[in-house]
Amino acid sequence: MYPSNFAYAAPTSLADVLAQMQAAGDDGKLLAGGQSLIPMLKLRLAEPKTVIDLGKVQSLRGIRVDGNSIVIGAMTPYVDVLDSADVQRRCPLLVQTISQVGDPQVRSRGTVGGSIAHADPAGDLPAAAVALGAVVTATGPSGNHTYDAANFFQDVLTTALEPNEVVTSVSFSATDAPGTGTAYLKHRHPASGYAVVGIAAIVMVGADGNCQAARIGITGAGSHATRATSTEQALAGKPLDAQSVAAACANAADGVDLMGDSYASSDYRAHLIRVLSQRAVLQAAQNARR
Ligand SMILES: Cc1cc2nc3c(=O)[nH]c(=O)nc-3n(C[C@H](O)[C@H](O)[C@H](O)COP(=O)(O)OP(=O)(O)OC[C@H]3O[C@@H](n4cnc5c(N)ncnc54)[C@H](O)[C@@H]3O)c2cc1C
């Protein structure tokens, strides 16, 4: 299929983007890497009158370290995150997660801001974002806003962004403290490669070898990415052996608004959450001890 006709704008500054969005009103749509938007345009699931391409706004690209955070510009493509020595060293969960997104073409064009703003319930990055306690920065007609990832993803393709807000950057906490390990495990849909369930785990191992604290992000299973808070609490202070971790992960699907479809029922998704959480926690603990 072909998209409906639309006007195309390619502003070079954030101020121009905001002006274009204001002019377009409800009929404008931002274009980042296009890996989700262009299929939606072709299927006419989106029919904007104006497409505003962020590709020439250099200020939205790049990765910088700010204290204990890695701040990634919205228009930074996945591949730049994978190639960043700072990210590899200080926030390996992003590498573990993004390396499992799509294929090299998708990782070359798709962007961090596009993935976060799109809020695909099966997107990989949102799981890492909630586990890492990411902070999303956006700007719009009413100024700058920051959103905690925990409250940012609200429903299928729905975020807390206000109308006409642009995500400008996403800040992720570093996890390079001694004794901290991370892992991302995903059950890929055999046709699309998207996450049927994806689990991002961060485990802090104490001097006694027990779990000091854990953070677990879930994607794919429900309408939006969420944390497995009851499992996180159950892991704290417990040994990181297979039996204790399995017991703590038995309730990992609690509170997830499980979805079901022709490939995976809601019961099967709950099962995948439990199994992948166990494996991801054990792998993260192993990575912490290296
Ligand atoms: C073949 C294929 C396989 C894929 N497999 C996976 C996978 O396994 N896992 C996965 O997670 N994803 C997968 N994707 C999707 C990919 O991750 C997309 O890149 C991502 O979902 C959107 O990023 P984008 O930069 O392409 O955004 P776009 O497609 O350009 O935009 C997506 C949406 O976000 C909005 N938007 C973009 N940038 C901003 C911004 N800065 N501020 C506000 N709104 C903005 C747009 O208006 C649009 O509504 C796949 C895509 C394809 C084509």
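No experiment lies behind these values; they were computed from the predicted model shown.

Rules and cut-offs
Residues numbered from 1 in each chain as written. Predicted model: local features only at pLDDT ≥ 70, side-chain atom pairs only at ≥ 80, totals over all residues. Heavy atoms only, no water. Helix = DSSP H or I, 4+ residues; strand = E, 2+ residues; numbered from the N terminus. Rg over C-alpha atoms; globule rule 2.2 N^0.38 Å. Buried < 20%, exposed > 50% of the residue type's maximum accessible area, 1.4 Å probe, protein only. Contact = heavy atoms within 4.5 Å. Lys, Arg positive; Asp, Glu negative; His and termini not counted. Charge placed at Lys NZ, Arg CZ, Asp CG, Glu CD. Near = heavy atom within 4 Å. Polar contact = N/O pair within 3.5 Å; in protein donor to acceptor, adjacent residues only side chain to side chain. Areas by Shrake-Rupley, 256 points an atom, 1.4 Å probe, with all protein chains shown as cover. Phe/Tyr/Trp six-rings, centres within 6.5 Å; stacked < 30°, edge-to-face > 60°. Domains from an automatic or database assignment. Pairing = 2+ DSSP bridges. Axes fitted to C-alpha atoms, helices over the stretch in contact; angles between N-to-C directions.

Undergrad: Go over the overall build of the protein chain with me, naming the residues and quoting the values.
TA: Summing up its helical and strand segments, the protein chain has 12 helices and 14 strands in all. Relative to a compact globule of 290 residues, whose C-alpha radius of gyration would be 19 Å, the protein chain shows 19 Å and is just as compact. Along the longest, intermediate and shortest principal axes, the C-alpha atoms of the protein chain span 60 × 45 × 35 Å. Evaluated residue by residue, the protein chain yields a buried proportion of 47% over its 290 residues. Sequence separation of at least 24 residues holds for 63% of the intrachain contacts in the protein chain that already meet a minimum separation of 6. Placing the 21 positive and 24 negative side-chain charges of the protein chain at their respective mean positions leaves the two points 6 Å apart.

Undergrad: Got a sec to walk through the site of the ligand? Specific residues and values, please.
TA: Around the ligand there are 29 residues in total, and Leu30, Leu37, Tyr78, Thr111 and Asp124 lie nearest to it. For the ligand, an oxygen atom lies 3.3 Å from a polar atom in the side chain of lysine 29. Coverage of the ligand by the protein chains reaches 89% of its 970 Å² of free accessible surface. Where the shell around the ligand is concerned, the elements lending two or more residues are strand 2 (28-31), helix 7 (112-118) and strand 10 (166-173).

Undergrad: Please provide a residue-by-residue account of the packing of aromatic side chains, values included.
TA: Scanning the model with the defined rule gives 2 aromatic pairs in all. A ring pair is formed by phenylalanine 152 and phenylalanine 153, whose centres lie 5.2 Å apart and whose planes are at 85°; its orientation type is edge-to-face. The pair phenylalanine 152 / phenylalanine 153 is uniform in exposure class, with both members buried. Site record: aromatic cluster; members linked through ring pairs are Tyr147, Phe152 and Phe153.

Undergrad: Any chance you could break down the environment of arginine 107 for me, citing the residues and the numbers?
TA: Its location among the elements puts arginine 107 in helix 6 (residues 104-109). For arginine 107, a relative accessible area of 16% translates into the label buried. When the C-alpha positions of arginine 107 and tyrosine 78 are compared, they lie 5.0 Å apart, and in sequence the two are 29 residues distant. Excluding residues within four positions of it along the chain, arginine 107 makes contact with Pro77, Tyr78, Val79, Leu82, Ile98, Ser99, Val101 and Gly102.

Undergrad: Residue-level account of the domain arrangement of the protein chain, with values.
TA: Domain annotation of the protein chain identifies domain 1 (7-53), domain 2 (61-173) and domain 3 (180-289). The gap between the C-alpha centroids of domain 1 and domain 3 is 36 Å.

Undergrad: Account for unusual backbone geometry, with residues named and values stated.
TA: Peptide bonds are mostly trans, and most non-glycine residues show a negative phi. Positive phi is not limited to glycine here, since alanine 119 has a value of about 55°. The topology assignment puts alanine 119 in the loop between helix 7 and helix 8 (125-131).

Undergrad: Describe the pairing of strand 11 (residues 180-188), naming the residues involved and giving the relevant values.
TA: The buried count for strand 11 comes to 7 of 9 residues, which makes it a mostly enclosed element. In this structure, strand 11 lies alongside strand 12 (residues 195-205), joined through 9 bridges in antiparallel fashion. Residue tyrosine 184 lies in a different strand from strand 12, and its bridge partner there is alanine 200. Where strand 11 folds back onto strand 12 in an antiparallel hairpin, the turn is made up of 6 residues, including glycine 193, whose phi is positive at roughly 80°.

Undergrad: Got a sec to walk through the sheet that holds strand 14 (residues 226-227)? Specific residues and values, please.
TA: Spatially, 11-12-13-14 is the arrangement adopted by the 4 strands of the open sheet, whose pairing is antiparallel. Both outer strands of the open sheet, strand 11 and strand 14, are each paired with one neighbouring strand and no more. Bridge count for strand 13 (residues 211-219) against strand 14 is 2 bridges, and the pairing is antiparallel. Bridge pairing in strand 14 links glycine 217 to arginine 227. Helix 12 (residues 266-289) contacts strand 11, strand 12 and strand 13 of the sheet and is inclined by roughly 35° relative to strand 12.

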